[in-house]
Amino acid sequence: MGSKNIKLPKINFSHEDLKPDTLVWNQVKSQVYKALVEYGCFEAFFDKIPTNLQKSIFEVSQEFFDLPLQTKLQNISTKPFYGYVGQYHPSIPLFESMGIIDSNIPHKVEKYTQLLWLQGNPSFSKTIQSYLEQLSKLDQTIRRMIVESLGVEKYMDEHMNSTNYRLRLMKYKEPQSDETKIGLHAHTDKNIVTILYQNQVKGLEILTKDGQWINVDPTPDTFTVMIGDSLHAWTNGRMHAPFHRVMMRGNEARYSIGLFSIPKARYIIKAPKELVDEDHPLLFKPFDYHKFLSFGYTEEDMKCDFALKAYCGV
Ligand SMILES: O=C(O)CCC(=O)C(=O)O
Ligand SMILES: [Fe+2]
């Protein structure tokens, strides 16, 4: 597997007036559609996160990871990757992460900070909330564009209301030697849309449909957007869900932040009938994301032993 010269498509979401039914909206929408069909991924230039927030989101993240292990372990969860995941997994020893579920509900974020800092940590919750508030707009813009470009607007409200947000702070420790070390094994995300943001340390790689790894090298105002299995299924395969991994080199820790839109509990993901025809036979039977997750997700290497196809492929 070879060439590292390909680049992800880069799409500008920072137009003054990016509103539905405008010329610029339609232009961006067709770029989004093309990129997601071909790569399942693109870089979004998005200027609604002010410079101080770009900085403080990594500061609070570092503040969290600097806490004693015992404190971080207060936030563990029985669901894979929901709570704190430490550096104890032999297959991904550099990786550490902290998930905040229902991050769109302010008192939930505050509850976490009280768990972790006793007195709470208002600047932590405020930073997380402002970040989420701004970045969720990007998620919503992209998903509106997807629904429109598939011509299934009648499902717009249902789709937009079918998800919650989860935010995950991630840290990859610098490797102990000059070798390139695995940060996170190749996997597809299982949710709807993932938006990743990282500090200046590179490492994320995306697999193209024809088997080449693309190195992602974002700037402070670009975000990496990718499709997860659930949206792949909902679009009856039209949107690609790419494999990706993290490879660590050099002597600096990598911090990243993931915003995940995830199907709500008990919501059944079912491709609209308009997207199923002779040329596009149904790929997946209707399924519940949360049941799918508990079916075979191993935290250890972040991969699902029972991929969606095995779980509910037709
Ligand atoms: O750290 C990254 O950039 C990738 C994280 C990732 O793939 C995930 O959380 O699913
Ligand atoms: Fe991922």
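Residues numbered from 1 in each chain as written. Chains lettered and ligands numbered in written order. Predicted model: local features only at pLDDT ≥ 70, side-chain atom pairs only at ≥ 80, totals over all residues. Heavy atoms only, no water.

Asker: So what exactly am I meant to see when it comes to the pattern of salt bridges here?
Answerer: Between side chains of opposite charge, pairing is possible as soon as their charged atoms come close. A full pass over the atoms with the stated rule returns twelve salt bridges. Of the charged contacts in the structure, one is a salt bridge between Lys48 and Asp47, with a shortest N-O distance of 2.9 Å. The partly exposed category is assigned to Lys48, whose relative accessible area is 35%. In this structure, the salt-bridge partner of Glu205 is Arg249, at a minimum N-O distance of 3.2 Å. On the criterion of sequence distance, the pair formed by Glu205 in strand S8 (residues 204–207) and Arg249 in the loop between strand S11 (244–248) and strand S12 (254–263) is long-range, its members being 44 residues apart. Look at Glu205 and you get buried, because its relative accessible area is 0%. Three or more residues are tied together by salt bridges with common partners; here these are Lys154, Lys273 and Glu274. (Salt bridge = Lys/Arg side-chain N within 4 Å of Asp/Glu carboxyl O. Buried < 20%, exposed > 50% of the residue type's maximum accessible area, 1.4 Å probe, protein only. Helix = DSSP H or I, 4+ residues; strand = E, 2+ residues; numbered from the N terminus.)

Asker: What is the right way to read the pairing of S12 from this model?
Answerer: For a regular strand, the rule is simple: side chains alternate between the two faces of the sheet. In terms of residue burial, S12 counts as a mostly covered element, since ten of its ten residues are buried. Across ten bridges, the pairing between strand S5 (residues 163–172) and S12 is antiparallel. Its bridge partner lying in S12, Asn164 is registered against Ile262. Relative to S12, strand S7 (residues 193–198) runs antiparallel, the two being bridged by six bridges. Paired with Tyr197 across the bridge in S12 is Ile257. (Pairing = 2+ DSSP bridges.)

Asker: Help me understand the packing of helix H1 (residues 23–38) against helix H5 (residues 122–149) in this model?
Answerer: In a packed pair of helices, the relevant descriptors are the angle between the two axes and the axis-to-axis distance. Relative orientation of the contacting elements H1 and H5 amounts to 80 degrees, with a least axis distance of 9 Å. Between H1 and H5, the crossing angle belongs to the class labelled roughly perpendicular. From H1, Trp25, Asn26, Val28, Lys29, Val32, Tyr33 and Leu36 reach across to H5, where they touch Thr141, Ile142, Arg144, Met145, Ile146, Glu148 and Ser149. By residue class, the composition of the contact of H1 with H5 is eight nonpolar, three polar and three charged. (Axes fitted to C-alpha atoms, helices over the stretch in contact; angles between N-to-C directions. Parallel < 35°, antiparallel > 145°, perpendicular 65-115°, else oblique. Contact = heavy atoms within 4.5 Å. Nonpolar A, V, L, I, M, F, W, Y, C, P; charged D, E, K, R; others polar.)

Asker: It is not clear to me how the packing of helix H2 (residues 51–65) against H5 should be interpreted in this structure. Could you clarify?
Answerer: Close contact between H2 and H5 brings their axes to 10 Å; oriented N to C, the two are set at 130 degrees. Overall, the two elements H2 and H5 adopt an arrangement that is oblique. As H2 runs across H5, the sense of the crossing is left-handed. Within the contact between the two elements, H2 uses Leu53, Ser56, Ile57, Val60 and Phe64 and H5 uses Ser123, Phe124, Thr127, Ile128, Ser130 and Tyr131. (Left-handed = near helix turned anticlockwise from the far one by under 90°.)

Asker: What am I meant to see in the layout of surface pockets here?
Answerer: Over the atoms rolls a probe the size of a water molecule, and its path tells where empty space is left. What the largest pocket holds in volume is close to 400 Å³. Here the lining of the largest pocket is built from residues that sort into seven nonpolar, eight polar and nine charged. (1 Å grid on protein atoms, 1.4 Å probe; cavity = no way out; pocket = protein on both sides within 12 Å on 5 of 7 lines; lining within 4 Å. Points joined across faces, edges and corners; volume = space filled by probe spheres on them.)

Asker: Mind showing me how you'd approach the packing of aromatic side chains here?
Answerer: The geometry of an aromatic ring pair is captured by the separation of the ring centres together with the interplanar angle, meaning the angle of the planes. One pass over the full model with this rule turns up twelve aromatic pairs. Ring geometry for Phe13 versus Phe42: centroids 5.8 Å apart, planes at 15 degrees, classification stacked. Note that Phe13 is positioned in the loop between strand S1 (10–12) and H1 and Phe42 in strand S2 (residues 41–45), a separation of 29 residues in sequence. Residue Phe13 is classed as buried on the basis of its relative accessible area of 4%. Taken together, a centroid distance of 6.1 Å and an interplanar angle of 80 degrees make the contact between Phe46 and Phe223 edge-to-face. (Phe/Tyr/Trp six-rings, centres within 6.5 Å; stacked < 30°, edge-to-face > 60°.)

Asker: Hey, could you run me through the site of ligand 1 in this one?
Answerer: Not every one of the 14 residues close to ligand 1 is listed here, only the nearest: Arg168, Tyr172, His244, Arg254 and Ser256. Asp189 places a polar side-chain atom, nitrogen or oxygen, 3.1 Å from an oxygen atom of ligand 1. At 2.9 Å from an oxygen atom of ligand 1 is found a side-chain nitrogen or oxygen belonging to Arg254. Of all the elements in the fold, those that place two or more residues in the shell around ligand 1 are S5, strand S6 (181–187), S11 and S12. Residue composition of the shell around ligand 1, grouped by class: eight nonpolar, three polar and three charged. (Near = heavy atom within 4 Å. Polar contact = N/O pair within 3.5 Å; in protein donor to acceptor, adjacent residues only side chain to side chain.)

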